[in-house]
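# Observations on the three-dimensional arrangement
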Amino acid sequence: MSWGTELWDQYDNLALHTQKGIDFLDKYGNFVRDRCAIELEYASKLRRLVKNYQPKKKEEEDYEYTSWQAFRNVLKEIGDLAGQREIVAETLQAKVIHGISLLSKNLRDDRKKSLTEGAQLTHTLTNQIAALERAKRNYDKSYRDAEKSIENYQKADADLNLSRADVEKHKHNMTMKCQQSDDSKNEYANQLQKSNKLQQTHYETSLPEVFNRLQEIDEKRTKGLKEFIKSAADAESSVAPIIARCLEGIVKASESIDEKEDSLKVIERYKSGFTPPTDIPFEDLSKVDAESSNYSSQNNLGINNMTQKGTMGATKLKKRVGIFGIFGSNKLLEACITVKNTLSTDGMKEDFSDLPPNQRRKKLMAKIQEIQQKITQETAAYDGLVKMKGVYEANTMLGDPTTVDAQLNESGSRLEKLKSELKKFKMYLDAANNAQMMQHSPQQHRNMYNGQRSSRHSNGSGENEDGEDNPDDAGSLSSSSASPESGLGTSHTSLPGSGQGSANDNTHPEDMYYEAELLQPLGTCKALYPFDATSEGSIPMAEGEELQVIELDQGDGWTRVRRMCGASGWEEGFVPTSYIESTLYA
């Protein structure tokens, strides 16, 4: 089916239809252009959103939690999504909008050319029809004039009153009119033949060709629109796998959130390392003396001077150390305390002694790691300068070796300074670790205290063998086995006879571990890291070693384990809970 055959008489309608089709193509192009603008605006707003919610420098510490890390990964995936929207916009711009503009221009030119040719054909046919009409009117007029001249001649020939000359005149006029009539007839016939031939050619050949070209133009426009819509869909589907991976990344980020791990990190971040305060002793006013009054005031001071986060400041810590004497025998700690403390840029002391123990160790380890990185960088720079000097010495054309000496001296000086700082902060860390080890020794926390500690009076004072009051024991709450302040609580799974005020005054605590019957294991554990026993009651273990768990962590960071020790039997002791992975029996 072709327009030239079926729509031979619909020239005006076809011209209007093709114009509407091209206008519709331009309308779709405007639609895609507006969509590109929306895609770019959406991508821009997504990028701005990601930028606005990027972690600030002051929030970097919070991003150690899995939930915060997951959110940062979500921001990264959203940024990738914005990039994919930009790719969609660029593809639509390059393949669809540009193609539509080019196709629309070509279609308009072809349509104009075809319509111009059709108008010329129509004009030619119209002129021929007009010529035929003129020839027909001339023939009609000349024919009537000829008939009238014949009638006048016949009347003149029958009239006897007219002369012969008049009759001849009418005869001559008749002959001329008849000749004119014949000529007009021939011209009319000729014009009719030409018109019929031209009309046949016009409606059967020339105009159908124009209409068929218009049909091709419209079909090309329709096919182009089909391809452009498909290209727009392809532009979207080409990035769909990447978008799907972005969404998978968001889901994976959500699955990486571990509430238990975050809870442990909160403990690690905010744990002070201090032990809870002891019970406030009953003060018998009938037996008030200077010693107990002094202790009472100091104890109240220690309780009331807690920081807002539930920990004590560095000055309060030093007072507690002086009162309770927990670290009195630690020579390394005393040596480090004597080192001059300068304030850092953030207002803290150089050795971070104004922080709680756990936080202090964390800061010191971070500082040591930072210094080690600087030492690595400075060492690499120093080695580079040495190599440069060697090259200059080998070939003086490349440079003067003496120019590198000053840089080498500066680099060496910086390196020595960094090593000095590293040594100093390692001393601080050793002091903190030693203090932490002494405070959290498993033997201190779970000793049986079978008479080696003095019993407490109701007013908090201790009495020695001679019945005299001992001020040092009176002020030391760490001598109480059940004291939650010192963390030396009695375990409910320890051997019989343990606890405060035990009657077995002459029995050594270590002997009691082996004299008791073996406890039933609660499960097994595997050593994640090697551990060297450096405190009383602990036992060493190798990485990957499997042990039996016989007593769970009582909140002091130590787990009691047991291993088969050859023919000598079982060996029991404490290991750090964080160094093992436990599997308990159901």
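Preceding this section is the structure that the text describes.
Note that the structure is predicted; figures quoted are calculated from it, not measured. (Residues numbered from 1 in each chain as written. Predicted model: local features only at pLDDT ≥ 70, side-chain atom pairs only at ≥ 80, totals over all residues. Heavy atoms only, no water.)

### Re the sheet that holds strand S4 (residues 546-551)
- Ordered in space as S6-S5-S4-S3-S7, the five strands form an open sheet in which the pairing is antiparallel. The open sheet has two edge strands, strand S6 (570-576) and strand S7 (580-584), and neither has a second partner. Taking each pair of neighbouring strands and ignoring which way they run, the sheet shows an average axis angle of 40°. (Pairing = 2+ DSSP bridges. Helix = DSSP H or I, 4+ residues; strand = E, 2+ residues; numbered from the N terminus. Axes fitted to C-alpha atoms, helices over the stretch in contact; angles between N-to-C directions.)

### Some remarks on the nonpolar core
- Formed by 35 residues in total, the largest nonpolar core has its most connected members in Tyr28, Leu92 and Val96.
- Broken down by secondary-structure element, the contributors of at least two residues to this core are helix H2 (11-52), helix H3 (66-158) and helix H4 (164-255).
- Not counting residues within four places of it along the chain, the set of residues in contact with Tyr28 comprises Val96, Ile100, Leu225, Phe228, Ile229 and Ala232.
- Ile375, Leu415, Leu422 and Leu429 belong to the second-largest nonpolar core, a separate cluster that totals 13 residues. (Core = buried A, V, L, I, M, F, W, Y, C linked by side-chain atoms within 4.5 Å. Buried < 20%, exposed > 50% of the residue type's maximum accessible area, 1.4 Å probe, protein only. Contact = heavy atoms within 4.5 Å.)

### As for a nonpolar patch on the surface
- Side chains of Leu49, Tyr53 and Phe71 sit close together on the surface and give an oily, nonpolar patch of about 300 Å² of accessible area.
- Relative to the helices and strands, Phe71 is located in helix H3. (Patch = residues over 30% accessible without salt bridge, like charges linked within 9 Å, V, L, I, M, F, W, Y side chains within 5 Å. Areas by Shrake-Rupley, 256 points an atom, 1.4 Å probe, with all protein chains shown as cover. Salt bridge = Lys/Arg side-chain N within 4 Å of Asp/Glu carboxyl O.)

### A closer look at the environment of Thr91
- Within the element layout of this structure, Thr91 appears in helix H3.
- Distance from Thr91 to Ser238, taken between C-alpha atoms, is 9.9 Å for residues 147 residues apart in sequence.
- Leaving out residues up to four positions away in the same chain, Thr91 has contacts with Val96 and Ala235.

### Observations regarding the side chain of Arg85
- For Arg85, the position within the fold is in helix H3.
- Overall, the relative accessible area of 11% leaves Arg85 in the buried class.
- Excluding residues within four positions of it along the chain, Arg85 makes contact with Arg35, Glu39, Tyr42, Ala43, Glu236 and Ile243.

### Looking at the pairing of S4
- Here four bridges tie strand S3 (residues 523-527) to S4, and the two strands are oriented antiparallel to one another. The residue bridging Thr524 from the neighbouring strand is Gln548, located in S4.
- Examined bridge by bridge, S4 and strand S5 (residues 558-564) share three bridges and lie antiparallel to one another. Note on S5: the bridge partner recorded for Gln548 is Arg562.
- Here S4 folds back onto S5, and the loop between the two strands holds six residues, one of which, Gly555, carries a positive phi near 95°.

### Concerning H3
- Helix length check: H3 (93 residues) gives 134 Å between terminal C-alpha atoms against 138 Å at 1.5 Å per residue, within 8%.
- If you look at H3, its biggest bend is around 35°, right at Gln93. (Expected span 1.5 Å × (residues − 1). Bend = angle between axes of the 7 residues up to and from the residue.)

### Looking at the pattern of salt bridges
- Summed over the entire model, instances satisfying the criterion amount to 27 salt bridges.
- Close ionic contact of Arg47 with Glu86 constitutes a salt bridge, the shortest N to O distance being 3.0 Å. Of this pair, Arg47 sits in helix H2 while Glu86 sits in helix H3; the two residues are 39 residues apart in sequence, bridging distant segments of the chain.
- Residue Lys155 pairs with Glu151 through a salt bridge whose shortest N-O separation is 3.6 Å. One end of the pair is Lys155 and the other is Glu151, both in helix H3 and four residues apart, which spans about a single turn.
- By relative accessible area, which is 53% here, Lys155 ends up exposed.
- Members of the salt-bridge network, linked through shared partners, are Arg35, Glu39, Arg85 and Glu236.

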